[in-house]
Amino acid sequence: QVHLVESGGGLVQAGGSLKLSCAASGRTSNSYTIGWFLQAPGKEREFVARISYTGGRTNYADSVKGRFTISRDNAKNTVYLQMNSLKPEDTAVYYCAAGRGGSDNRGEYNYWGQGTQVTVSS
């Protein structure tokens, strides 16, 4: 069982930055791949980024490559998503999720946080 809590969302102007945090707790929580997903109104939940349990491998959606950086600090059981050069189309609820192995598919993640709202104004 893994419990995840996101934080760090807020309102930012286009071109600005935010850093999201995903705090994990539970048995062997740091052995999971952690993914970030977003869900905009009227749209499906979409993959943003993921990171392996060691932090040695990462993957990003094409839409955020070069702008977002995922990292993790296993000593703190926390995964971060640094978001730079934000665009209005980045506006969404951002969720972190834990799963076994690397995947970009939301269906392969078993544990989810409650989400944090990111709003980017134009």
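Quick note: structure is the one above.
If you're wondering where the values come from, they're calculated on a predicted model, not measured in any experiment.

Parameters at a glance
Sequence positions are assigned chain by chain, starting from 1 and proceeding in written order. Residue-level local features of this predicted model are given only where pLDDT is at least 70; pairs of side-chain atoms are given and counted only at 80 or more, and the full residue set underlies all totals for whole chains, interfaces and linings. Side-chain calculation: all heavy atoms of the structure are included, whereas hydrogens and water are not. Labels follow the DSSP assignment, with helices taken as runs of H or I lasting at least four residues and strands as runs of E lasting at least two, numbered in each case from the N terminus. Burial classification: accessible surface area is computed with a 1.4 Å probe over protein chains only, and a residue below 20% of its type maximum counts as buried, one above 50% as exposed, and the rest as partly exposed. Under the rule applied, a polar contact is a pair of N or O atoms within 3.5 Å (in protein, one hydrogen donor and one hydrogen acceptor; residues adjacent in sequence only if both atoms are side-chain atoms). Any two residues whose heavy atoms approach within 4.5 Å at even a single point are treated as in contact. Pairing between two strands is assigned when DSSP locates at least 2 bridges connecting them.

## A word on the side chain of Ser103
Working step 1: Residue placement: Ser103 occurs in the loop between β9 (92–99) and β10 (111–112).
Working step 2: Using a relative accessible area of 6% as the deciding quantity, one classes Ser103 as buried.
Working step 3: One polar contact links the side chain of Ser103 to the main-chain amide nitrogen of Asn105, over a distance of 3.0 Å.
Working step 4: Not counting the four nearest positions on each side in its chain, Ser103 is found in contact with Phe47, Arg50, Glu108 and Tyr109.

## What about the pairing of strand β3 (residues 18–26)?
Working step 1: Relative to β3, strand β1 (residues 2–7) runs antiparallel, the two being bridged by six bridges. Within β3, the position partnered with Leu4 by the bridge is Ala24.
Working step 2: With six bridges connecting them, β3 and strand β8 (residues 78–83) associate as antiparallel partners. Within β8, the position partnered with Leu18 by the bridge is Met83.

## Re the environment of Phe47
Working step 1: For Phe47, the location among the structural elements is in strand β5 (residues 46–51).
Working step 2: Relative accessible area serves as the criterion here: at 14%, Phe47 is assigned to the buried category.
Working step 3: Residues Phe47 and Trp36, 11 residues apart in the sequence, show an inter-C-alpha distance of 6.4 Å.
Working step 4: In this structure, Phe47 is in contact with Trp36, Phe37, Asn59, Tyr60, Ala61, Ser103 and Asp104, ignoring residues within four places of it in sequence.

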